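Each chain, letter by letter, is given below.
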Amino acid sequence: MKTADPELMRAINRLNVLDTVRRHGPISRIEISERTELSTTTVSAITASLLDDGLILPRHEGDIRNEAVRGRPRVALELNPDAARVVGGKIAANRMVFVVTNFRGDVLSKLALPIRIDRQPIGVIADLVEDGVRRCVVDAGLSLEDVDSVCLGFPGVIEHRTGYIRSSPIFRDTNVDFAAEMSTRLSTPTIVESDAHAITLGHHWFGRARDLEDMVLISLEQTLGLGVLHGNRLFRGAGGLSHNLGDLVLGMGPNGVMRLSSQAGESAILGEHQADGRFAEAIRLGRGMTHAQALIKADDDRLISAAIRAGEAVGLTIANIVTLFAPPRVILVGSSLALGEPFLNSLRDAYALAIPPSLKGVSELVFDDSSDDFWAQGAAAVALYELYESPWSTTGPAL
């Protein structure tokens, strides 16, 4: 009978303990043992190693000077914020946002650049990203030598393991090896990730899914993205591929295959309005959906119909995802939420009609209008996640 690899099991247990300290710290060793279901002996050995590596710190609770207090003071463990520093960035067609965080995820500095960069050559994007990263690092009072990792979140289809961006509205070219390009420019390990995966991990670490080990996130931005968290880990496709939810097939129409993007994508919603002078300017500035909301409030029938159609398509999609995964929570984020009640009401109604009776009430729908800063912080969380997971040996991250 084949037995588990003891080195792998030790590495998994170490990651489990470290993540428990991150999520629940300051926390005692006994509480860690209860939450991880590891023996107190195993927890003691792992936390001793983490302390030696400088990844966690002890916090003494109680007044040790008070002679009336009997017994030794309680020692709680928490992450060492100075163990690592990372940069996270959200790269969108009309803006770039960067943050620098410490090992605990605290934001040390942030920078927003409202720059239109859709369908540009790799050199142009790389120049802008390099300048943004360097400025944000300087604003944090650091140099790039102090930064352990950079993660950049892009819309589109991203191959996380190789660093290739297969397709994105940001780049003119396809199959761009952007991770290698930026790692060379910054002399710092650089990761590329889909923006949907970044915001998923951001919600798991800092936001509306911090209490969960399993959840689904749907991103309704310029592109439609999907993030699936299972057992505290992001689920990625072959080669670490991200999920382009807009390619999901809803059925067959008069013109052939009908995909979600044709019903709920930004271009499909805005439709003919994109040629309107004022509307076109709003779209160029990244305010297309906000402007659409204003027109919907003014009873623009075409936009109201488009918002209802998009809401129905997204509601059916969520029902299918819940049917497959039955997550306890589905979080919806992105600019399409600005369409307001016509979109949201039709989404809820379509979901309620499509969800199987046996799964009614299983998944909570949460609508979250996260800021760009939070999306960038999610990218930083991906970089931290990589540092957490990087040592499948027991030596700790290469900090």
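Presented here is a report on the structure given in the accompanying data block. (Residues numbered from 1 in each chain as written. Predicted model: local features only at pLDDT ≥ 70, side-chain atom pairs only at ≥ 80, totals over all residues. Heavy atoms only, no water.)

## Quick look at the overall build of the protein chain
Per the secondary structure count, the protein chain includes 13 helices and 18 strands. Residues counted as buried form 51% of the 399 residues belonging to the protein chain. Summed over all atoms, the accessible surface of the protein chain reaches about 18500 Å², with 50% contributed by carbon and sulfur. (Helix = DSSP H or I, 4+ residues; strand = E, 2+ residues; numbered from the N terminus. Buried < 20%, exposed > 50% of the residue type's maximum accessible area, 1.4 Å probe, protein only. Areas by Shrake-Rupley, 256 points an atom, 1.4 Å probe, with all protein chains shown as cover.)

## Considerations on the packing of helix 1 (residues 6-24) against helix 3 (residues 40-52)
Taken N-terminus to C-terminus, the directions of helix 1 and helix 3 make an angle of 75 degrees; their axes are 10 Å apart at the nearest point. What the angle tells us is that helix 1 and helix 3 run roughly perpendicular. Every residue of helix 3 that contacts helix 1 at Asn13, Arg14, Val17 and Leu18 is listed here: Ile46, Thr47, Ser49 and Leu50. Along the lines of polarity and charge, the residues of the contact of helix 1 with helix 3 split into 4 nonpolar, 3 polar and 1 charged. (Axes fitted to C-alpha atoms, helices over the stretch in contact; angles between N-to-C directions. Parallel < 35°, antiparallel > 145°, perpendicular 65-115°, else oblique. Contact = heavy atoms within 4.5 Å. Nonpolar A, V, L, I, M, F, W, Y, C, P; charged D, E, K, R; others polar.)

## A few points about the packing of helix 11 (residues 301-325) against helix 12 (residues 341-354)
Between helix 11 and helix 12, the least distance of the axes is 7 Å, while the angle of their chain directions is 35 degrees. Every pair of crossing elements has a handedness; the one defined by helix 11 and helix 12 is right-handed. Facing Ile304, Ala307, Ile308, Ala310, Gly311, Glu312, Val314, Gly315, Leu316, Ile318, Ala319 and Val322 of helix 11, the residues of helix 12 in contact are Pro342, Phe343, Ser346, Leu347, Ala350, Tyr351 and Ala354. For the contact of helix 11 with helix 12, the residue count by class is 15 nonpolar, 3 polar and 1 charged. (Left-handed = near helix turned anticlockwise from the far one by under 90°.)

## Remarks on the sheet that holds strand 8 (residues 164-167)
Taken in spatial order, the 3 strands of this open sheet run 7-8-9, and their pairing is antiparallel. Because the sheet does not close on itself, it has two edges, and the strands there are strand 7 (157-159) and strand 9 (176-177). By the bridge criterion, 3 bridges tie strand 7 to strand 8 in an arrangement that is antiparallel. Across the sheet, residue glutamate 159 finds its bridge partner in strand 8, namely tyrosine 164. (Pairing = 2+ DSSP bridges.)

## Brief notes about empty space enclosed by the protein
Following the criterion strictly, the structure yields 2 cavities of 30 Å³ or more and no others. Put simply, the second largest cavity is a space of about 40 Å³. Lining the second largest cavity we find Gly156, Ser194, Asp195, Ala196, Thr223, Leu224, Gly225, His243 and Asn244. For the lining of the second largest cavity, the secondary structure elements donating two or more residues are helix 6 (195-206), strand 12 (224-230) and strand 14 (243-244). Per-class residue counts for the lining of the second largest cavity are 2 nonpolar, 6 polar and 1 charged. (1 Å grid on protein atoms, 1.4 Å probe; cavity = no way out; pocket = protein on both sides within 12 Å on 5 of 7 lines; lining within 4 Å. Points joined across faces, edges and corners; volume = space filled by probe spheres on them.)

## Considering the environment of leucine 111
For leucine 111, the position within the fold is in strand 5 (residues 107-113). Along the backbone, leucine 111 and valine 99 are 12 residues apart, and their C-alpha atoms lie at a distance of 6.4 Å. Apart from residues lying up to four places away in sequence, leucine 111 is in contact with Met96, Val97, Phe98, Gly132, Arg135 and Cys136.

## Considerations on helix 3
A rise of 1.5 Å per residue sets the reference length of helix 3, with its 13 residues, at 18 Å; its end C-alpha atoms lie 18 Å apart and thus fit the reference within 8%. Here helix 3 has its buried residues at Val43, Ile46, Thr47 and Leu50. One face of helix 3 carries all of its buried residues, which in axial projection span an arc of 100 degrees. Looking at helix 3, the residues exposed on the side facing more than 90 degrees away from the buried face are Thr41 and Asp52. (Expected span 1.5 Å × (residues − 1). Arc of directions from axis to C-beta.)

## A closer look at the side chain of glutamate 78
Its location among the elements puts glutamate 78 in strand 2 (residues 74-79). With a relative accessible area of 16%, glutamate 78 lands in the buried category. Engagement of the side chain of glutamate 78 in a polar contact is seen with the side chain of arginine 59, the distance being 3.1 Å. If we ignore the near neighbours within four places in the chain, the residues touching glutamate 78 are Val21, Pro26, Ile56, Leu57 and Arg59. (Polar contact = N/O pair within 3.5 Å; in protein donor to acceptor, adjacent residues only side chain to side chain.)

## Concerning the packing of aromatic side chains
Applying the stated rule across the entire model yields 4 aromatic pairs. Residues phenylalanine 154 and phenylalanine 178 carry aromatic rings whose centres are separated by 5.3 Å and whose planes lie at 80 degrees to one another, so their mutual orientation is edge-to-face. In this pair, phenylalanine 154 is assigned in strand 6 (residues 149-154) and phenylalanine 178 in helix 5 (residues 178-186), connecting sequence segments 24 residues apart. With relative accessibility at 0%, the residue phenylalanine 154 sits in the buried group. For the ring pair phenylalanine 171 and phenylalanine 178, a centre distance of 5.2 Å and an interplane angle of 65 degrees mean the geometry is edge-to-face. In this structure phenylalanine 178 comes out as buried when scored by relative accessible area, which is 0%. Each residue in the set Phe154, Phe171 and Phe178 is aromatic and connected to the rest through ring pairs, giving one cluster. Lying across the ring of tryptophan 205, arginine 22 places its NZ or CZ 4.0 Å from the centre. (Phe/Tyr/Trp six-rings, centres within 6.5 Å; stacked < 30°, edge-to-face > 60°. Lys NZ or Arg CZ within 6 Å of the ring centre and 35° of its normal.)

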